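The primary structure of each chain is shown beneath.
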Amino acid sequence: MKVLTLLKELTQCGIDSGIIYTGDGNPEDRYAIVFTDPNWNVFYTERVQKFERRHFLNEEDACKYLWTLLCKDYTISPSSPAGS
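In short, a report on the structure. Because the structure is predicted, anything quoted here is derived from the model rather than measured.

## Structural notes on the sheet that holds strand β4 (residues 49-56)
Whether parallel or antiparallel, the strands of a sheet pair through hydrogen bonds between backbone atoms.
Okay, so step 1: With mixed pairing, four strands are arranged side by side in an open sheet as β1-β2-β3-β4. Across the chains shown, the open sheet's two edge strands, defined by having one partner strand only, are β1 (20-21) and β4.
Okay, so step 2: Bridge count for strand β2 (residues 31-36) against strand β3 (residues 39-46) is six bridges, and the pairing is antiparallel. The residue bridging V34 from the neighbouring strand is N41, located in β3.

Okay, here's the thing in C-alpha coordinates:
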(Lines give C-alpha, C1' and ligand atoms only; values in the text may rest on other atoms or scores of the structure.)
Protein backbone atom coordinates (compact mmCIF):
# COMPACT_ATOMS: atom_id res chain seq x y z
CA MET A 1 0.00 0.00 0.00
CA LYS A 2 1.17 3.51 -0.82
CA VAL A 3 0.36 6.70 1.10
CA LEU A 4 -2.00 7.95 -1.61
CA THR A 5 -3.87 4.64 -1.53
CA LEU A 6 -4.15 4.82 2.25
CA LEU A 7 -5.56 8.35 2.08
CA LYS A 8 -8.09 7.32 -0.58
CA GLU A 9 -9.21 4.31 1.47
CA LEU A 10 -9.74 6.50 4.53
CA THR A 11 -11.87 8.87 2.48
CA GLN A 12 -13.89 5.96 1.08
CA CYS A 13 -14.53 4.81 4.66
CA GLY A 14 -15.86 8.27 5.50
CA ILE A 15 -12.81 9.29 7.52
CA ASP A 16 -11.26 12.71 6.93
CA SER A 17 -7.81 12.09 5.44
CA GLY A 18 -6.76 15.39 7.06
CA ILE A 19 -6.01 13.41 10.21
CA ILE A 20 -2.82 12.31 8.46
CA TYR A 21 0.15 14.64 8.18
CA THR A 22 2.19 13.89 5.06
CA GLY A 23 4.59 16.82 5.16
CA ASP A 24 2.35 19.79 4.36
CA GLY A 25 1.27 22.22 7.06
CA ASN A 26 1.40 21.68 10.79
CA PRO A 27 1.69 18.10 12.13
CA GLU A 28 0.23 18.92 15.56
CA ASP A 29 -2.42 16.58 16.95
CA ARG A 30 -2.35 14.30 13.91
CA TYR A 31 -0.92 11.04 12.76
CA ALA A 32 2.06 11.46 10.48
CA ILE A 33 3.71 9.49 7.72
CA VAL A 34 6.72 11.31 6.33
CA PHE A 35 9.60 10.23 4.13
CA THR A 36 12.98 11.45 5.35
CA ASP A 37 15.59 9.71 3.24
CA PRO A 38 16.22 6.82 3.79
CA ASN A 39 13.33 6.18 6.19
CA TRP A 40 9.56 6.40 6.30
CA ASN A 41 8.62 7.81 9.71
CA VAL A 42 5.25 7.16 11.34
CA PHE A 43 4.10 8.79 14.57
CA TYR A 44 1.36 10.71 16.35
CA THR A 45 2.08 14.27 17.46
CA GLU A 46 0.52 15.99 20.40
CA ARG A 47 1.86 19.11 22.09
CA VAL A 48 5.16 18.83 20.20
CA GLN A 49 5.74 15.27 21.46
CA LYS A 50 5.85 12.28 19.14
CA PHE A 51 4.19 9.05 20.18
CA GLU A 52 4.16 5.55 18.67
CA ARG A 53 7.18 6.58 16.59
CA ARG A 54 8.59 3.97 14.23
CA HIS A 55 10.92 4.05 11.23
CA PHE A 56 10.58 1.88 8.14
CA LEU A 57 12.72 1.27 5.09
CA ASN A 58 9.74 1.02 2.76
CA GLU A 59 6.47 2.83 2.24
CA GLU A 60 4.31 -0.29 2.38
CA ASP A 61 5.44 -1.29 5.88
CA ALA A 62 5.01 2.29 7.08
CA CYS A 63 1.45 2.41 5.72
CA LYS A 64 0.59 -0.93 7.33
CA TYR A 65 1.82 0.32 10.71
CA LEU A 66 -0.12 3.56 10.37
CA TRP A 67 -3.24 1.59 9.43
CA THR A 68 -2.92 -0.48 12.65
CA LEU A 69 -2.58 2.73 14.68
CA LEU A 70 -5.69 4.16 13.04
CA CYS A 71 -7.67 0.96 13.67
CA LYS A 72 -6.82 1.15 17.38
CA ASP A 73 -7.90 4.79 17.72
CA TYR A 74 -11.51 4.83 18.89
CA THR A 75 -11.72 8.62 18.47
CA ILE A 76 -11.61 8.35 14.69
CA SER A 77 -15.07 8.19 13.24
CA PRO A 78 -16.56 8.59 9.80
CA SER A 79 -17.44 12.11 8.76
CA SER A 80 -20.99 13.33 8.70
CA PRO A 81 -23.26 12.27 5.82
CA ALA A 82 -22.75 15.71 4.32
CA GLY A 83 -19.07 14.87 3.94
CA SER A 84 -17.84 17.73 6.09
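## A few points about the environment of Y21
Okay, so step 1: When you line up the elements, Y21 lands in strand β1.
Okay, so step 2: What Y21 contacts, discounting residues up to four positions off in sequence, is N26, P27, R30, Y31, A32, I33 and V34.
Okay, so step 3: A polar contact is formed between the side chain of Y21 and the backbone oxygen of G23, at a distance of 3.4 Å.

## Side note on the nonpolar core
It is characteristic of soluble globular proteins that their nonpolar side chains tend to be buried jointly.
Okay, so step 1: Of all hydrophobic cores here, the largest spans 18 residues; its most connected members are I20, Y31, I33, V42, L66 and L70.
Okay, so step 2: Counting residues per element, the ones that place at least two in this core are α1 (3-12), β2, β3 and α2 (59-72).
Okay, so step 3: A total of six residues in this core trace back to one element, the largest contributor, which is α2.

## Some thoughts on α2
Okay, so step 1: With 14 residues, α2 should reach 20 Å at 1.5 Å per residue; the first-to-last C-alpha distance of 20 Å fits that figure.
Okay, so step 2: Among the residues of α2, E59, A62, C63, Y65, L66, L69 and L70 are the ones counted as buried. Looking straight down α2, one finds that the buried residues subtend no more than 165 degrees of arc, so they occupy a single side. For α2, exposure combined with an orientation more than 90 degrees from the buried face picks out C71 and K72.
Okay, so step 3: Where α2 is buried, its residues contact α1, β1, β2, β3 and β4.
Okay, so step 4: The distance from a side-chain oxygen at the start of α2 to the backbone nitrogen of E60 is 3.3 Å, and the residue carrying that oxygen is N58.

About the criteria used
Residues numbered from 1 in each chain as written. Predicted model: local features only at pLDDT ≥ 70, side-chain atom pairs only at ≥ 80, totals over all residues. Heavy atoms only, no water. Pairing = 2+ DSSP bridges. Helix = DSSP H or I, 4+ residues; strand = E, 2+ residues; numbered from the N terminus. Contact = heavy atoms within 4.5 Å. Polar contact = N/O pair within 3.5 Å; in protein donor to acceptor, adjacent residues only side chain to side chain. Core = buried A, V, L, I, M, F, W, Y, C linked by side-chain atoms within 4.5 Å. Buried < 20%, exposed > 50% of the residue type's maximum accessible area, 1.4 Å probe, protein only. Expected span 1.5 Å × (residues − 1). Arc of directions from axis to C-beta.

As far as function goes, none of this settles anything; it's purely spatial.
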